Amino acid sequence: MHLVVVGGSDAGISAALRARELDPTADVTVVVADAYPNYSICGIPYFFSGEVQPWQSLAHRTHDELEATGMHLRLNTRATLIDVAGRQLTVRDDRGSVSQIAYDELIVGTGALPSRAGIAGMDTLGAEDGVHVIHSMADMFALERFLDDRGPRSAIIVGAGYVGLEMAEALTARGLQVTQIQRGPEVLSTLDPALGTIVHAELTTRGVDVLTDTTVHGIEKADAGLTVTGAHRGQPLFRTADVVLVVVGVRPNTELLEQAGATLGAGNAVVVDDAMRTGLPHVYAAGDGVVTHHRLLGVTYLPLGTTAHKQGRVAGENAIGGAARFAGSVGTQVVKVFDLVAARTGLREHEAAAAGYRPGTTQAIADDHKRYYPGAQPITIRVTGDTDTGRLLGAQLVGRLGTETAKRVDTYATALFAGLTVDQVSDLDLSYTPPLGSPWDAVQTATQTWTRQYTKT
């Protein structure tokens, strides 16, 4: 059988690898829009900070390593049309040559595209002008050229989500004066503002000028550089810098599948079932272009690299005759901001309420290990649970680098996946030694705070 995979990032490569692993006789072709299959886009900020060098280090696997698995790569080739009835994929290479690839099964992992958030000037100003996005290796090279050739001294980052915060750290490390603009009341809007303020303080301490409650309307080119216009807390905003980076989220890249007749759902992403079937005969899809089954919310749109890997693996297995199912996400995320780590999993209180739960949230501060052992640092933890059933619904954590905050959010994620109550987290047999933890881990100290407040007696 001939399996064709469109997309050379997380979902596509995971699908191809799984198919070849389970059936070494399968003929697998991967169509990649650029020349950089299986590169870590998540690692780009660390290339700019200088922590990851050279850029080739961002490859999870080299071209030769991928082809050594038995897959065939068609680089610099874009898929333009799916003939569902004829099982043909039309592609165009970088020389403009158009051809068709016959397939028995097709997997589409075209991912997402950077959002422009309706900002005027984004369609006319580009990388050569100093206006950049960070979503691909080409974007990375364009920004690196601009930094090397122009030597900018100041930057405005529009957006204070994960990539925006990581790039604020990276550009600060390169000596730029960074202004960070956030539309919402606090940076990192995936956390409650009470925790976002901790991240905000870290940015300010490191010299980043943070503007919250600020909407960007446009970007204009001026003699002094680039001017960002908008409104800051109801007042006109005019800020000028040498380079502007717009990182305000993504939108699913659905054009290929939509033209073929696929249905769009949550977030305008392609609807798939838990086997990653699109409803089109012999066509699967996975990754940032499709909906996500959330174990607490049902069907939603939540583009995450971890989810894309899992969905791709399911699609690859099923395309060669398997019966795998995507078990669902709980939205676990983590980011490092200078010497701070912020993480979340599950639902925040307003998200849980909108989903029909009766949530309550508590906040606790617990040391990462026994205080008498040198170096103990606090972790601030917010726990959300259902006040009727006691079920754990979510957790948010902020701690210093080295406090194992990322691994502690994974404990909550595991508990969410298993459907545990808040109180049952205290029953978990977690490891303990004074340099690394406490008899009641910080995770459990926080859940016990919730239990004291909300458990009915």
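All residue numbers refer to position in the chain's written sequence, counted from 1. With the structure being a predicted model, the display of local features is reserved for residues of pLDDT at least 70 and the display and counting of side-chain atom pairs for 80 or more, all residues being used for whole-chain, interface and lining totals. The side-chain figures draw on all heavy atoms in the structure; neither hydrogens nor water molecules are used.

Visitor: In this structure, what is going on with the nonpolar core? I would like to understand it.
Guide: Here is a general trend for soluble globular proteins: nonpolar side chains tend to be buried in one another's company. Take the buried residues of types Ala, Val, Leu, Ile, Met, Phe, Trp, Tyr and Cys, join any two whose side-chain atoms come within 4.5 Å, and each joined set is a nonpolar core. Classification of residues uses two cut-offs on accessible area relative to the type maximum, computed with a 1.4 Å probe and protein chains only: under 20% is buried, over 50% is exposed, and between them is partly exposed. One finds Val28, Val30, Met71, Ile82, Leu89, Leu106 and Leu257 to be the most contacted residues of the largest nonpolar core, which totals 51 residues. In terms of residue count, the dominant contributor to this core is helix α1 (residues 10–22) (six residues). Apart from residues lying up to four places away in sequence, leucine 89 is in contact with Val4, Val6, Val31, Ala79, Leu81, Ile82, Ser99, Gln100, Ile101, Tyr103 and Leu106. Secondary structure elements follow DSSP: runs of H or I of four or more residues count as helices, runs of E of two or more count as strands, with numbering from the N terminus. In this description, contact between two residues means that some pair of their heavy atoms is separated by no more than 4.5 Å.

Visitor: Can you walk me through the side chain of threonine 254 in this structure?
Guide: For threonine 254, the location among the structural elements is in the loop between β17 (250–252) and α7 (255–260). Sequence-distant contacts of threonine 254, defined by excluding residues within four places in its chain, comprise Leu264, Asn268, Ala269, Val270 and Gly289.

Visitor: Which parts of the structure should I look at to understand the pairing of strand β5 (residues 88–93)?
Guide: On a regular strand, one side chain projects to one face of the sheet and the next to the other, so that they alternate. Of the strand pairs in this sheet, strand β4 (residues 77–83) and β5 are connected by six bridges, and their pairing is antiparallel. Of the residues in β5, the one forming a bridge with aspartate 83 is glutamine 88. Pairing between strands is defined by DSSP: at least two bridges between the two strands are required. Where β4 folds back onto β5 in an antiparallel hairpin, the turn is made up of four residues, including arginine 87, whose phi is positive at roughly 50°. Note that β5 and strand β6 (residues 98–102) share five bridges and pair antiparallel. Paired with arginine 92 across the strands is valine 98, a residue of β6.

Visitor: Honestly, the packing of helix α10 (residues 405–418) against helix α12 (residues 442–454) in this entry has me stumped. Any pointers?
Guide: Packed helix pairs are specified by the crossing angle of their axes together with the interaxial distance, meaning the distance between the axes. Between N-to-C directions, angles span 0 to 180 degrees; the directions come from axes that are lines fitted to C-alpha atoms, helices contributing only their stretch in contact. Packing of α10 against α12 brings their axes to within 10 Å, and their N-to-C directions diverge by 50°. Viewed along their axes, α10 and α12 adopt a mutual orientation that is oblique. From α10, Arg408, Thr411 and Tyr412 reach across to α12, where they touch Ala442, Val443, Ala446 and Thr447. For this classification, Asp, Glu, Lys and Arg are treated as charged, while Ala, Val, Leu, Ile, Met, Phe, Trp, Tyr, Cys and Pro are nonpolar and the rest, including Gly, are polar. Split into classes, the residues belonging to the contact of α10 with α12 amount to four nonpolar, two polar and one charged. Throughout, the term roughly parallel applies to angles under 35 degrees, roughly antiparallel to angles over 145, roughly perpendicular to angles from 65 to 115, and oblique to all others.

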